[in-house]
Amino acid sequence: MKVFAGLLFLVVGIAWVGCHKKGESAPGPAAANATNSVDGVAPPEPPQPPSREVLARADDKARETVVGEVDPFLTAQLRAFIEEKKRMPASFSELARARLDSVPRPPAGKKWAIDNDSLEIKAVAQ
């Protein structure tokens, strides 16, 4: 019985050691360029924000510089919209519906406007 238990222990031990993943050695230069994942499939490239030229062609709008005070939060929301939809919003209202729970009140006597040239939201005179 002791021989059978010893043999069983030995077989289980060998199987246990053989099933563990061995430490990965440093991949060669060709392997490092081919894949970075465990399953051998190259990870997808992160999405690139659209270039200004792509946005200009997609919009077919006259590009004009808007003079006003830049709002950093709304500008970040505009850029997130562009990255997600791969286009400029048709209006500030579309941006507000898509990205904002509530629209911050602009300074007195001003309204929010999209500056297509600099991709910023600015408070401009009404």
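Right above here is the structure, for reference.
Here the structure is a predicted model, which means the values were calculated and not measured.

Q: An account of the environment of Ile82 is needed here, citing residue identities and associated values.
A: Tracing the sequence through the fold places Ile82 in helix H4 (residues 72-85). Placed 13 residues apart in sequence, Ile82 and Leu95 show a C-alpha to C-alpha distance of 9.6 Å.

Q: Explain H4 to me, and be specific about the residues and the numbers.
A: One turn of the α-helix equals 3.6 residues, which is why residues spaced by three or four share an orientation. With 14 residues, H4 extends 20 Å between its outermost C-alpha atoms, agreeing within 8% with the 20 Å of an ideal straight helix rising 1.5 Å per residue. For H4, the complete set of buried residues consists of Leu74, Thr75, Gln77, Leu78, Phe81 and Ile82. Buried residues of H4, viewed axially, fall in a sector of 160 degrees; they line one side. In H4, the exposed positions angled more than 90 degrees off the buried face are occupied by Pro72 and Glu84. The N-terminus of H4 is capped by Asp71, whose side-chain oxygen sits 3.2 Å from the backbone nitrogen of Phe73. At the exit of H4 stands Lys86, carrying a positive phi of roughly 60 degrees.

Rules behind the numbers
- Residues numbered from 1 in each chain as written.
- Predicted model: local features only at pLDDT ≥ 70, side-chain atom pairs only at ≥ 80, totals over all residues.
- Heavy atoms only, no water.
- Helix = DSSP H or I, 4+ residues; strand = E, 2+ residues; numbered from the N terminus.
- Expected span 1.5 Å × (residues − 1).
- Buried < 20%, exposed > 50% of the residue type's maximum accessible area, 1.4 Å probe, protein only.
- Arc of directions from axis to C-beta.
- Polar contact = N/O pair within 3.5 Å; in protein donor to acceptor, adjacent residues only side chain to side chain.

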